[in-house]
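# A closer look at the structure
This is what each chain is made of:
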2 protein chains.
Amino acid sequence: MATKRTNGEDDTVTTADRLASPLDELLGYRLRRASMAMIGDLVATLRPFGLSVGEVSLLILVGANPGCRQSDVGRALEIKRANLTPLVGRLKTRGLVIDAPIDGRSLSLTLTDAGRALRDDILDRVIASDRKYRKRLTLDERALLAALETLAR
Amino acid sequence: MATKRTNGEDDTVTTADRLASPLDELLGYRLRRASMAMIGDLVATLRPFGLSVGEVSLLILVGANPGCRQSDVGRALEIKRANLTPLVGRLKTRGLVIDAPIDGRSLSLTLTDAGRALRDDILDRVIASDRKYRKRLTLDERALLAALETLAR
DNA sequence: TATTGTTATACTCTATAACTATA
DNA sequence: TATAGTTATAGAGTATAACAATA
């Protein structure tokens with residue numbers, strides 16, 4: 001009976017207390033939990049605006065890059081073009097984004113005045129949500145962001 | 001024309017180069033990107049086994065807590081009981097998990113011999129995938145895990 | 001020939017509501 | 001009355017394939 005103890009007790013019948021969780025030792029699992037927590041707060045922040053996280057990402061990215069190509073936005077956000085079409089469509093319907101042909105096949109995206117105004121408002125709140133979590137950090141913010149970028153390849 | 005420059009250039013028409021991304025300054029966005037990258041690798045690792053990330057989380061958690069209540073597993077993994085039922089069902093169908101009544105309404109979950117064997121194999125690979133990313137880290141692993149736990153509340 | 005945008009479609013995850021039964 | 005498990009269902013988000021138009 002091999003009985004290696006690291007964290008997850010095996011062959012011990014669990015009765016009532018808290019569960020042993022070998023998952024907590026995994027960077028990927030912790031990363032996912034932290035990410036889910038922050039996204040949950042973000043979703044709640046965005047609910048009153050009737051905008052999804054994806055739509056707001058698009059709003060912010062196009063706002064920072066007026067006239068950018070739709071295909072470049074998709075690549076930057078890692079959203080496939082088949083999924084980007086309806087996402088852009090909803091923002092166009094709401095009068096937040098306008099597109100214009102670049103050449104015969106590419107589209108440029110730009111925020112409307114209403115889009116910029118909403119972007120300004122929402123970006124403030126997104127940053128406020130983000131800051132709430134940053135404040136809990138004990139370790140250096142810049143070092144953490146750099147490490148996370150490294151992990152994302 | 002308010003022109004505050006932090007990272008995201010506004011009112012500058014983007015032509016060709018790389019996009020300005022105010023999102024990169026957000027902890028939540030970086031966290032999500034890093035998490036997605038690691039999950040992508042994990043999914044590829046698990047593909048040959050025909051198991052999802054959720055199924056493997058369940059396999060590992062039940063493996064570390066034989067006889068645990070299904071409801072406790074759901075709470076630990078933050079999976080709603082309505083979604084846990086088919087997840088457990090698939091592992092039972094594959095002969096990896098068995099359940100037994102605790103009282104008239106609760107179920108205990110335990111891995112079968114086959115379940116433990118598969119868990120051992122898969123856990124090794126999951127840890128190997130995780131370690132691949134840990135190795136890239138410049139900052140202290142323990143400090144990072146602790147910080148991530150703090151963020152997850 | 002590769003790229004862009006679109007449409008249609010399928011698959012996974014997650015969320016809610018309703019139900020049974022048990023504590 | 002609250003909890004546990006189940007079922008059915010709806011909604012996101014994401015993935016692929018096929019197509020037309022263009023570079």
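Procedures and definitions
- Residues numbered from 1 in each chain as written.
- Chains lettered and ligands numbered in written order.
- Predicted model: local features only at pLDDT ≥ 70, side-chain atom pairs only at ≥ 80, totals over all residues.
- Heavy atoms only, no water.
- Contact = heavy atoms within 4.5 Å.
- Buried area = accessible area lost by both parts, 1.4 Å probe.
- Salt bridge = Lys/Arg side-chain N within 4 Å of Asp/Glu carboxyl O.
- Helix = DSSP H or I, 4+ residues; strand = E, 2+ residues; numbered from the N terminus.
- Nonpolar A, V, L, I, M, F, W, Y, C, P; charged D, E, K, R; others polar.
- Least-squares fit on C-alpha atoms with pLDDT ≥ 70 in both.
- Near = heavy atom within 4 Å.
- Polar contact = N/O pair within 3.5 Å; in protein donor to acceptor, adjacent residues only side chain to side chain.

Residue-level contacts link 62 residues of chain B with 62 residues of chain A. Surface buried jointly by chain B and chain A totals about 5700 Å² across both partners, of which 62% is contributed by carbon and sulfur atoms. If you look at where chain B meets chain A, you find 4 salt bridges. Between Arg 142 of chain B and Glu 25 of chain A there is a salt bridge, and its shortest N-O distance comes to 3.3 Å. Among the elements of the structure, α1 (27-46), α2 (53-64), α3 (70-77), α5 (113-134) and α6 (141-151) of chain B are those that each provide at least two residues to the side of chain B that touches chain A. Its residues assigned to classes, the side of chain B that touches chain A shows 34 nonpolar, 11 polar and 17 charged.

Bringing the relation of the copies chain B and chain A into the picture now. Rotating chain B by 180° and translating it 0.0 Å along the rotation axis places it on chain A, where the RMSD comes to 0.0 Å. Those values place the two copies in the arrangement expected of a two-fold rotation axis. The residues that chain B uses at the interface reappear at the interface of chain A in 100% of cases, marking a shared surface.

A few words now on the protein's contact with DNA strand C. As a structural note, the neighbourhood of DNA strand C is formed by 18 residues, with Ser 71, Arg 81, Arg 105 and Leu 107 of chain A together with Gly 104 of chain B the closest of them. Counting only atoms of DNA strand C within 4 Å of the protein, the sugar-phosphate share comes to 52%. In this structure, Gln 70 of chain A approaches DNA strand C through a side-chain N or O atom, which is 3.2 Å from a phosphate oxygen. Taking Arg 105 of chain A, its side chain carries an N or O atom lying 2.8 Å from a base oxygen of DNA strand C. Elements that contribute at least two residues to the surface near DNA strand C include exactly α3 (70-77) and α4 (81-93) of chain A together with α4 (81-93) of chain B.

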